Amino acid sequence: MDIPYVVQPRPDTGIYNAKAGIWLFLASEVMLFGGLFSAYVLLRVGADPGTWPHGWQNVTLGTINTLVLALSAVTTLLAWVACKVRQFGKFKFFHACTLLLALTFLCIKLFEYHDHLTHYEIQLTDGRIADGHMMENNPNEDYVLIDGRYVERETDLIDLRAQKDIREAEIKIPRAQIKDMESYGPWHNDYLALYFTLTGLHALHILAGGIVIGYLWGPGRKLWKTEPEHFTNRVEVSGLFWHFVDLVWIFLFPVLYLT
Amino acid sequence: MDEIIHSFPAHQEPDEDPGHDEHAHHDPGFWRGYVFSTDHKIIGIQYGFTALCFLLFGFFLMLLMRWQIAHPGQPVPFLGPLMAEILGQPAAGGVISPDLYNSFGAMHGTIMIFLGVVPLAFAAFGNYVVPLMIGAPDMAFPRVNMASYQAYVLGGIVMVVSFFIPGGAAQAGWTSYSPLATSIPTHGQAFWIIGMVLLITSSLLGAVNFIATIIQLRAPGMTWMRMPFFVWAQFVTAFLLLLAFPPLEAAALMQLMDNVAHTSFFLPTGLAIGGKLAHVSGGGSPLLWQHLFWFLGHPEVYVLILPAMGIVAEIIANNTRKPLWGYKSKVYSVLAIGFLSFIVWAHHMYLTGMGTKISAFFQTTTMAVSIPSVIILTCLFISLWGGSIRFNTPMLFALAFLPMFGIGGLTGLPLGFNASDVYLHDTYYVIAHFHYVVAPGTIFALFAGIYYWLPKITGRRMNEFWGRVHFWGSFVFMNVVFMPMFVQGMKGMLRRMADGGANYSAARVPGVIDTLPGSIMAMHTWILWGAMALGLAQIPFIINLFWSIKHGERVGTNPWRSTTLEWQTPTPPPHGNFARPPQIYRGPYEYSVPGHDTDFTPQNEPEAPVTAPRISPVPVLH
Amino acid sequence: MSDLKTARPHNAPSVSEPELSGHAVDFNSYLRRCVYVFVAVLCSVSLMLWASYLPQAHFDWPLKVKLILAVACGNAFLVAGFLMHLISEKKMIYTVLAFTVFFAAAMMWLTLYAMQDFPAGTTH
């Protein structure tokens, strides 16, 4: 006996098996990101007043990424519709777009990560703090060169939204004056820890979704010739996963970039 | 007794030729057939054997711990030199050092729960039996099923390997509380987290499979209220795994980041380790870990018990030859347990400084969730009334489950009340409580299931005499091991003490109030002997199991004369289970229905034409 | 129960969404709907950006956060409702998602409440 309802929906539930499976899986993913979001809410609400960063992200890049993902969600849906109306050429085109958009998203994300990881907060022996991007950090030299500014207290670095006209210049700091040096990685504070963890997990999901869609677009397209409806269902199911990943970003973007 | 043992009908082939399905499957060979199989029955067996091995390993860890508790600081007999050889410094001189004791404790809990009981109760029994019980050819997603088993094995390997890395295995309890879990100088904690992520992945894949299968692949006529109670129990268990595990996965990811990337999700500002200020950013919250952990932790205990209740229900119905009493109540109760279990978790956190309002909320929901559990247990008890009880080995274990789970459940009530929990939290009372529910509770049900379903898997039954030896030995010694722990706990003995409480004993600090008296400390020896005897009692079971697979008495396809669908297939069920989708005509417990020739009517037996009511009583089989 | 047929041959035409049994016309109507949804998403994103940059003097962060999250929820509804066609999905899926959302909300809210509720007189 073959497994029924792989392609045709079961009459009383109205869905085929994989659709039940993917929605159940997405429910678990809601709880996964829900757990991380509740960590965010708790840590932010529980933080001492004035210690939670604002404006530490590049809003332009974030907005571009948001629109890139939204567009990819649309192309994903259209790729499925194309399968439904048996226009395979359109399917190939739209999912090629989806894959390109996914790649764009990941590249922008990588750039943002690099941007953060090359940004340093340097505490000096005289009590001041130098903050900016590392230009030169040659171990053989006795100085580091950053493109940034001096501030008096660490609290000056917290709310960048409230500060107008931040002037940055090249600053050369002798190593002898450096008390402590830390890059803006997840170890730097809880906001960045949450940022890297949330967006990192999200990016892994983008990668996974991209691989699945890439497989269907590439080697997996063989199934179209023999069982087009089965193939269409696979496109729909992977599309649902992709839309979910977009949904997570819809909440990540405002929470991490805009607030 | 002979009557009971020999009541099995002679070996009979089923009337219908099972035939081959349309796509002729040629022999897949050893690797595809037994190692990389996508057949739910093979996967069920794989899960079962792997889980039983882990249960045994966890048992050995417990024996080592009980030795240390009863004889603190003394070398372990026989195994001491071997341990020193393999584990090095932590077992120097064959003595279990406190750090090693802690790692045994953490891993005993982790292995028993996540590598032993859950895979056996949910994945092994569920995988084998559920598709057969609902008339499905396999699980909805066979390849996902195989992937879930492989993730489980990988997770198990990571956990076991962690014993052998420098620094040893995780030592912060199976609950892995931060900041301790981040401060312990071993990578074992990171291994633990990675192992957990793999196990969680395995459970999630399994849960998706079970729910989709039960929703989509029920045979024609198998309505929701005609499903055996075991299937309902697995259905709710799958939902618990699906929705409760991911927050722990999120928390585990964050704790891994704390361990490896030096973040401070759970590390508070001003944290000092070893007397020095830790070089971390701070700002984190240890309580956040606890909330996220117990959000899973509580539903997890229902994952441990619900499949067991399902198994016991099936065996009781079958061996009383009457329908389960209160089927509908049990279904609604199991759904209520599933729902409520998500909102009780902070009763594990009463001592974390929560305020009265939130404690009152969790106390209320905790009391509420005990009600459906009591309903289910009561229905099972009432099901015995007026039954023609057959006291075979599965039934003995199923019957013992009832009072044992009763003790375990009732002793949970003082822990659920905030006020009494202030005293009992983190004492041996808690250990006794949860072991009663899982050990003479769930594990007895799992034993019952093995004795019950082995004839379907192999066509042979296990030896009845040795089954009874196994039963009585296990029953007596489970109580010898765990009953004293209630007393120890109420006297104030705390959990997780490597020296067995010697530091707080009256012998060490005479004249101080509320120290542990000699009578309490003496119980350690009783418990150690009880545990060793319990271990010995398992030997007949292990031998019986392996021997019976090859040489057990042959039985027919439905030796227990059961109504449920899994017994209406050939033995063992072929690939695809049923040649055509079975048609279901009735509920799952049509036993001793007046007017029928036999005392059981399988779910898929077509309706017979109505005959005149018989005057003679229906024959009753023992 | 319902009379369930055995599985049909795999490449039979789908009957689950009749409006897609055809042709270019149907595809274009879907395309048009997608464009509308995308434009709506663009508007929500702009709205969120505007809300985010409201002057700090008159609008404090808690208020801005609530506003932005409300718009984000609207955005999520667009994606889930139309692109994931949740609006036309079956009851079983709705039920699972409803329970999920309830449990996620309970997890967040109860944890938050628990961490803010202290026994009287024990904190400064």
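Quick caveat, the model's predicted, so the values are computed rather than measured. (Residues numbered from 1 in each chain as written. Chains lettered and ligands numbered in written order. Predicted model: local features only at pLDDT ≥ 70, side-chain atom pairs only at ≥ 80, totals over all residues.)

**Student:** Would you take a moment to explain the overall build of chain B for this structure?
**Tutor:** Summing up its helical and strand segments, chain B has 18 helices and 4 strands in all. Computed over its C-alpha atoms, the radius of gyration of chain B comes to 25 Å, within 12% of the 25 Å expected for a compact globule of 622 residues. The dimensions of chain B, computed from C-alpha atoms along their principal axes, are 85 × 55 × 50 Å. Classification of the 622 residues of chain B by burial places 54% in the buried group. Sequence-distant contacts in chain B: of pairs separated by 6 or more residues, those separated by 24 or more amount to 78%. (Helix = DSSP H or I, 4+ residues; strand = E, 2+ residues; numbered from the N terminus. Rg over C-alpha atoms; globule rule 2.2 N^0.38 Å. Buried ≥ 20, exposed ≤ 12 C-beta atoms within 10 Å, placed from the backbone. Contact = placed C-beta atoms within 7 Å.)

**Student:** So what exactly am I meant to see when it comes to the overall build of chain A here?
**Tutor:** Check the secondary structure of chain A and you find 6 helices and 5 strands. Listing every helix and strand of chain A by position from the N terminus yields α-α-α-β-β-β-β-β-α-α-α. The C-alpha atoms of chain A give 24 Å as radius of gyration, which overshoots the globular expectation for 259 residues (18 Å, by more than 25%). With the principal axes as the frame, chain A shows a C-alpha extent of 80 × 40 × 35 Å. Every one of the 259 residues in chain A was classed for burial, and the buried ones make up 47%.

**Student:** Looking at this model, I keep getting lost on helix α2 (residues 61-83) of chain C. Mind explaining?
**Tutor:** Count 3.6 residues to each turn of an α-helix, and residues three or four apart come out pointing the same way. The end-to-end C-alpha separation of α2(C) is 31 Å, in line with the 33 Å expected for 23 residues at 1.5 Å each. Burial in α2(C) covers these residues: I68(C), V71(C), A72(C), N75(C), L78(C), V79(C), F82(C) and L83(C). (Expected span 1.5 Å × (residues − 1).)

**Student:** In this structure, what is going on with the pairing of strand β4 (residues 169-174) of chain A? I would like to understand it.
**Tutor:** Within a regular strand, the side chains alternate between the two sheet faces. All names here are of chain A. Burial analysis of β4 places just 0 of its 6 residues in the buried class, which makes it a mostly uncovered element. Strand direction decides the pairing type here: strand β3 (residues 143-151) and β4, joined by 6 bridges, are antiparallel. For G148, the partnering residue across the bridge sits in β4 and is A169. (Pairing = 2+ DSSP bridges.)

**Student:** I'm lost on the interface of chain C and chain B in this one. Help?
**Tutor:** One widely used convention gives an interface's size as the accessible area the parts lose upon coming together. Contacts between the two partners involve 16 residues from chain C, matched on the other side by 19 residues from chain B. Looking at side-chain class alone, the side of chain C that touches chain B contains 12 nonpolar, 3 polar and 1 charged residues. (Nonpolar A, V, L, I, M, F, W, Y, C, P; charged D, E, K, R; others polar.)

**Student:** I keep staring at the interface of chain A and chain C and nothing clicks. Help me out?
**Tutor:** Listed by partner, the interface residues are 49 residues for chain A and 51 residues for chain C. Elements with a contribution of two residues or more to the side of chain A that touches chain C: α1 (17-46), α2 (59-84) and α6 (228-258) of chain A. Split into classes, the residues belonging to the side of chain A that touches chain C amount to 31 nonpolar, 12 polar and 6 charged.

**Student:** Explain the packing of α1(A) against helix α8 (residues 188-216) of chain B here, please?
**Tutor:** The description of two helices packed together rests on the angle between their axes and the distance between the axes. Axis separation between α1(A) and α8(B) bottoms out at 9 Å; the angle between their running directions is 140°. Classified by the angle between their axes, α1(A) and α8(B) sit oblique to one another. Every pair of crossing elements has a handedness; the one defined by α1(A) and α8(B) is right-handed. The segment α1(A) lies against α8(B), with N17(A), A20(A), G21(A), L24(A), F25(A) and S28(A) engaging L204(B), V208(B), I211(B), A212(B), I215(B) and Q216(B). Among the residues making up the contact of α1(A) with α8(B), the classes are represented as 8 nonpolar, 4 polar and no charged. (Axes fitted to C-alpha atoms, helices over the stretch in contact; angles between N-to-C directions. Parallel < 35°, antiparallel > 145°, perpendicular 65-115°, else oblique. Left-handed = near helix turned anticlockwise from the far one by under 90°.)

**Student:** I tried to follow the sheet that holds strand β1 (residues 119-124) of chain A on my own but got confused; where do I start?
**Tutor:** Backbone hydrogen bonds are what pair the strands of a sheet, in a parallel or an antiparallel way. All names here are of chain A. Ordered in space as β4-β3-β2-β1-β5, the 5 strands form an open sheet in which the pairing is antiparallel. The open sheet has two edge strands with one neighbour each: β4 and β5 (178-183). Ignoring strand direction, the axes of neighbouring strands in this sheet form an average angle of 40°.

**Student:** Would you take a moment to explain unusual backbone geometry for this structure?
**Tutor:** Across the chain, the bulk of peptide bonds are trans and the bulk of non-glycine residues have phi less than zero. Residue and element names in this part refer to chain B. Look at the link from S178 to P179: it is a cis peptide, with omega at -5°. Cis rather than trans, the peptide bond between T571 and P572 has omega equal to -10°. Take P572: it is sitting in the segment after β4 (553-554). Of note in the backbone geometry, F78 takes a positive phi value of approximately 60° without being a glycine.

**Student:** Would you mind going over the nonpolar core with me for this structure?
**Tutor:** Buried together is how nonpolar side chains tend to be arranged in soluble globular proteins. Counting 285 residues, the largest nonpolar core has I211(B), L242(B), V312(B) and A448(B) as its most contacted members. Ranked by the residues each element gives to this core, the list is headed by helix α5 (residues 98-134) of chain B, at 24 residues. What L242(B) contacts, discounting residues up to four positions off in sequence, is L24(A), A27(A), S28(A), L204(B), A207(B), V208(B) and I211(B). Of all hydrophobic cores here, the second largest spans 5 residues; its members include Y120(A), I122(A), A130(A) and V144(A). (Core = buried A, V, L, I, M, F, W, Y, C linked by C-beta atoms within 7 Å.)

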